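# Results of the structural survey
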Amino acid sequence: RGLDDLAKRAGLLYFGTAIDNPFSSPKAVDPKYQEIARNSHEFGQVTPANGQKWMYIEPERNVFNYTYGDAIIKPAKKNGQMRRCHNLLWHSQLPDWLTSKNYTKPELLSIMENHIKHEASYYKNECYAWDVVNEAFNEDGTLREDLWLWTIGPDYMEYAFKFARKYAGHGTKLYYNDYNIERIQNKSTAVVNLVKTFRKKGVPIDGVGLQAHFTTGSTPSYEDQLANINRFNSLGVEVALTELDVRVSLPDSPEKQAQQAKDYAASVKACKDAKNCVGVTVWDFWDPVSWVPGVFAGKGNACLWAEDFTKKPAYYAVADALRN
Ligand code: G3I
């Protein structure tokens, strides 16, 4: 049995992975990588790591190109794998035309609506969920200073979620997605407050994505993750672990791999045991295509499959966590 088979037996909707387009990650053409990515016993859901982001979808104003998103979404559908769609609004990976000019608030709102209208309509009924807004908070729980906040103001997320509902319809779950919100701390409490505000104002939101980009040995405990997930569930929103990976300081060692295995298992078990955590997505499954070494010098080996395609102790620990 693969990880998705085990996840479904444990009552989750899926075990999934982000996968990347060969255009952005040349090693992703490896046939063995492609074979595992498309194995629906391992991964019942896939998420495009880059292809649905604004800079690729709307590279020129009002010019839409779905090539890179489709390259991930279409084969997944054919394989019977669910899709999480990522993302509609973020401060990063925006096209130059959008960041190099100062727009007025009405202009930027109409740009936002037009983008969400096209992309969410195009992928209507194709996505289990949309990450509507990605990474809007600072570590202290204040809103990130980005063009959306500067130009539109603190209620910009309300617009984004309303537009998403309008164009994605009711069949797609609308998520807020962020990192460092996997335990109870200022940033996760800010997201709790966001959900409460949305509820009070009638702004649609269905889920919160906990990215779960972790470092071996300093991952939040099982208990802390469970308490945090249950806090969101108590507000009536579902939760998913959306980008799980656990990086190690290189060089790797058997001891580090053993710790990494425990860290992966704690997260997967917390999701499994929580009131309403629907599934786990790893942010790619094979070390050579992981985003980690490109961003954190000296860190890597964050995935479940090693470079030679052997399954690491972490893979077996995840399987056990799903089994028990
Ligand atoms: O577009 C160019 C392409 O033309 C060029 O050939 C290629 C060569 O390296 O670079 C391409 O841009 C890169 C892009 O990925 C597409 O490959 C960027 O330099 C690179 O910074 C970018 O990294 C992505 C990162 O988001 C950007 O912040 C990662 O692949 C992607 O895995 C990562 O994903 C994010 C989630 O969306 C949100 N949460 C955190 C997560 C990890 O950073």
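Rules of the game
Residues numbered from 1 in each chain as written. Predicted model: local features only at pLDDT ≥ 70, side-chain atom pairs only at ≥ 80, totals over all residues. Helix = DSSP H or I, 4+ residues; strand = E, 2+ residues; numbered from the N terminus. Rg over C-alpha atoms; globule rule 2.2 N^0.38 Å. Buried ≥ 20, exposed ≤ 12 C-beta atoms within 10 Å, placed from the backbone. Contact = placed C-beta atoms within 7 Å. Expected span 1.5 Å × (residues − 1). Near = placed C-beta within 6 Å. Nonpolar A, V, L, I, M, F, W, Y, C, P; charged D, E, K, R; others polar. Pairing = 2+ DSSP bridges. Right-handed = clockwise from strand over helix to strand, strands pointing away. Core = buried A, V, L, I, M, F, W, Y, C linked by C-beta atoms within 7 Å. pLDDT = per-residue confidence, 0-100. Axes fitted to C-alpha atoms, helices over the stretch in contact; angles between N-to-C directions. Parallel < 35°, antiparallel > 145°, perpendicular 65-115°, else oblique. Left-handed = near helix turned anticlockwise from the far one by under 90°. Arc of directions from axis to C-beta.

## With respect to the overall build of the protein
Within the protein, the regular secondary structure consists of 13 helices and ten strands. Relative to the compact-globule value of 20 Å for 324 residues, the protein shows a C-alpha radius of gyration of 19 Å, a close match. Dimensions of the protein along its principal axes, counting C-alpha atoms only, are 55 × 40 × 35 Å. Every one of the 324 residues in the protein was classed for burial, and the buried ones make up 48%. Counted over contacts in the protein with a minimum sequence separation of 6, partners at least 24 positions apart contribute 79%.

## Re the environment of Leu147
Among the structural elements, Leu147 can be located in helix α7 (residues 147–152). Placed 149 residues apart in sequence, Leu147 and Phe296 show a C-alpha to C-alpha distance of 26 Å.

## Details of helix α4 (residues 67–78)
Taking 1.5 Å of rise per residue, twelve residues should cover 16 Å, and α4 covers 16 Å from first to last C-alpha, within 8% of that figure. On its buried side, α4 packs onto β1 (14–19), β2 (45–48), α3 (54–57) and β3 (82–89). Gly80 sits one or two residues past α4 and shows a positive phi near 75°.

## Focus on the site of the ligand
If you check the shell around the ligand, you find Ser24, Ser25, Ala49, Asn50, Ser92, Gln93, Asn134, Gln211, Glu243 and Trp291 and nothing else. Looking at the shell around the ligand, its residues break down into two nonpolar, seven polar and one charged.

## Some words on the pairing of β2
Of the two faces of β2, the one carrying Gln45 and Thr47 and the one carrying Val46 and Pro48 are both buried. For β1 and β2, the ladder comprises four bridges, and the chain directions are parallel. Its bridge partner lying in β2, Ala18 is registered against Thr47. As for the winding sense of the linkage, the β-α-β connection from β1 through helix α2 (residues 31–37) to β2 is right-handed.

## Things to note about the nonpolar core
By size, the foremost hydrophobic cluster in this structure holds 92 residues, and its most contacted members are Trp130, Val132, Ala160, Ala164 and Val318. Tallying contributions element by element places helix α8 (residues 156–168) first for this core, with eight residues. For Ala160, the contacting residues outside a window of four places in its chain are Leu88, Leu89, Met112, Ile116, Val132 and Val133.

## Looking at the confidence of the model for the protein
Mean pLDDT for the protein: 97, with 100% of residues reaching 70 or above. Taken over the whole predicted complex, pTM reads 0.97, whereas the ipTM for its chain interfaces reads 0.94.

## Remarks on the environment of Ser188
Structurally, Ser188 can be placed in helix α9 (residues 186–201). Distance in space between the C-alpha atoms of Ser188 and Pro293 is 26 Å, their sequence separation being 105 residues. Those residues in contact with Ser188, other than ones at most four positions away along the chain, are Ile181, Arg183 and Asn228.

## Concerning unusual backbone geometry
Put simply, His86 and Asn87 share a cis peptide bond, and its omega is -10°. In this fold, Asn87 is placed in strand β3. A cis amide bond links Leu250 to the next residue, Pro251, at an omega of 0°. As for its position among the elements, Pro251 is in the loop between β8 (238–249) and α11 (254–273). With a phi angle near 60°, Asn62 is a residue other than glycine that sits in the positive phi range.

## Topic: the environment of Tyr14
On the secondary structure map, Tyr14 appears in strand β1. For Tyr14, a count of 23 C-beta atoms within 10 Å puts it in the buried group. For the pair formed by Tyr14 and Asn114, sequence separation is 100 residues and the distance between their alpha carbons is 31 Å.

## Some words on the packing of α11 against helix α13 (residues 313–323)
It is the contact of α11 with α13, at a shortest axis distance of 8 Å, that shows an interaxial angle of 25°. The angle between α11 and α13 places the two elements in the roughly parallel class. In this structure, α11 crosses over α13, and the sense of that crossing is right-handed. Together, Gln257, Ala258, Gln260, Ala261, Lys262, Tyr264, Ala265, Val268, Lys269 and Lys272 of α11 and Pro313, Ala314, Ala317, Val318, Asp320, Ala321 and Leu322 of α13 make up the contact between the two elements.

## Section: helix α6 (residues 105–122)
One turn of the α-helix equals 3.6 residues, which is why residues spaced by three or four share an orientation. When the terminal C-alpha atoms of α6 are compared, their 26 Å separation across 18 residues agrees well with the 26 Å that a helix rising 1.5 Å per residue should span. All buried positions along α6 are accounted for by Met112, His115, Ile116, Glu119 and Ala120. Along α6, the residues classed as buried sweep out an arc of 105° about the axis, all on the same side. What points out from α6, more than 90 degrees from its buried face, is the exposed set Pro106, Glu107, Ser110 and Ser121. Buried residues belonging to α6 abut α3, β3, β4 (129–134) and α8.

## Things to note about the packing of helix α10 (residues 222–234) against α11
As a packed pair, α10 and α11 sit with axes 9 Å apart at the nearest point and diverge in direction by 35°. Crossing angle aside, the handedness with which α10 passes α11 is right-handed. Facing α10, whose interface residues are Tyr222, Gln225, Leu226 and Ile229, α11 presents Ala266, Ser267, Lys269, Ala270, Cys271 and Asp273. Tallied by class, residues from the contact of α10 with α11 come to six nonpolar, two polar and two charged.

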